[in-house]
Amino acid sequence: MSPDQVAQIRGLSEVVDPHLSHRKDQEALCLERSQGLATPLKSILTIELNITELCNRKCVFCPRVDPSIYPNQNLNMDLAIIQRLVADVKRLGIYPRFSFSGFGEPILNKQLPKFISYIRSELPDHTIEINTNGDRLNVEKVRNLFAAGLTYLYINLYDGQEQAAGFHQLMSESGINRARYELRPHWVGAEGDYGLTLNNRSGAVNSPTINLLPLREKLERRCHYPFYKMLLDWNGDVLFCSNDWGRQIIIGNLSKLSLEDIWLSERFVAIRERLVNGDRTQSPCNTCNVNGTITGSDSVKVLLRHYVQTEKMRRDQVPSDIHLDF
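These numbers come from a predicted model, not from an experiment.

Visitor: Now, about the pairing of strand 4 (residues 152-157): what can you tell me, with residues and values included?
Guide: Counted residue by residue, strand 4 has six buried out of six residues, so it is predominantly covered. Burial along strand 4 is two-sided: Y152, Y154 and N156 facing one way and L153, I155 and L157 facing the other are all buried. Strand direction decides the pairing type here: strand 3 (residues 128-132) and strand 4, joined by four bridges, are parallel. Each residue of the ladder has a partner; that of E129, found in strand 4, is Y152. Once the chain exits strand 3 it traverses helix 5 (residues 139-148) before rejoining the sheet at strand 4, and the crossover so formed is right-handed. Relative to strand 5 (residues 181-185), strand 4 runs parallel, the two being bridged by five bridges. Its bridge partner lying in strand 5, Y154 is registered against E182. In this fold, strand 4 hands off to helix 6 (residues 164-174), which returns the chain to strand 5; that crossover is right-handed.

Structure, rendered in structure tokens:
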């Protein structure tokens, strides 16, 4: 299925943010492709890849604004980790999208085109995307990334709407179809919603001037993130959540454990049981301000059904409003 067809899978008029609507379409595509699979690993909709600890910016809404809290480090993912990941995904037959994003600026890892090319050669039908601040993009780089096999390029506008015209021009000169890239509003005050456009990175951001702070009182809300998204760090560590910038909870390392051993680990069971029941008492969830329920509800059902069937959880531990349809 081509990228241009993804948006036609289903209409989502109730979602206001165009990028969230796009995400919903991608989620639907992943679920459609995985429908016949018996493995609970099909719950993984996104594998987010933090391929570098370098960034060329220090934004007020990012932990990197304070180098004493989050310093720049020349630490970069190696191709061997990508190869291990791709081998597991291929063996399992699952359809997550690969998202080069994470805690740094992915364009700064010089092996990025090689990573994309390898994934595309082994998994020709999978979605591969990049989230970038766009500062280091030029026509040659854009063309090289798409030639390597990139599906989507998302450029975050951190300074303001005035950046849009220049990036549209860049993509036009690069010969990239409009359906293959998005410009996302991420400047302070964009859409007036720090929970969606910006968030406090599980409490790692402390910026009083823009009212982006660790929560003093935890949210009484369930969270789906650990049910559908895996964050793979530069060194092969898998974090429990892509918002855990402090790396407080590391589930395991992909160089030592298989994808399924990590995703189905007992530690993840305990975390997911708490979060599906709205328990955000554990750090860093207790200071996090993300909604957490916008996507991933189908992945929640897949994993909870697996847990009940394998007696990792009792039925009475599953919230009554979640129907598992045995």
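Visitor: Summarise the pattern of salt bridges; cite the residues concerned and give the values.
Guide: Scanning the entire structure with this criterion turns up 15 salt bridges. For the salt bridge of R97 with E129, the shortest nitrogen-to-oxygen distance reads 3.8 Å. Here the residue R97 occupies a position in strand 2 (residues 97-100), and E129 occupies one in strand 3, the gap between them amounting to 32 residues. As far as the burial class goes, R97 and E129 line up, both buried. Via salt bridges that share partners, R84, D88, R91 and E260 belong to a single interconnected network.

The rules behind these values
Each residue is numbered by its place in its chain's sequence as written, counting from 1. Selection of residues for local features in this predicted model requires a pLDDT of at least 70, selection of side-chain atom pairs for listing and counting requires 80 or more, and totals for whole chains, interfaces and linings are taken over all residues. Hydrogens and water molecules were not included; the side-chain quantities draw on all heavy atoms of the structure. When a residue's accessible area, from a 1.4 Å probe over protein chains only, is under 20% of the maximum for its type it is buried; when over 50% it is exposed; and in between it is partly exposed. The helix and strand labels rest on DSSP assignments: H or I over at least four residues marks a helix, E over at least two residues marks a strand, and numbering proceeds from the N terminus. Any two strands are treated as partners once DSSP identifies two or more bridges connecting them. A clockwise course of the path from the first strand over the helix to the second, judged with the strands pointing away from the viewer, identifies a crossover as right-handed. One speaks of a salt bridge when a side-chain nitrogen belonging to Lys or Arg is within 4 Å of a carboxyl oxygen belonging to Asp or Glu.

Read these as spatial facts, not as claims about activity.
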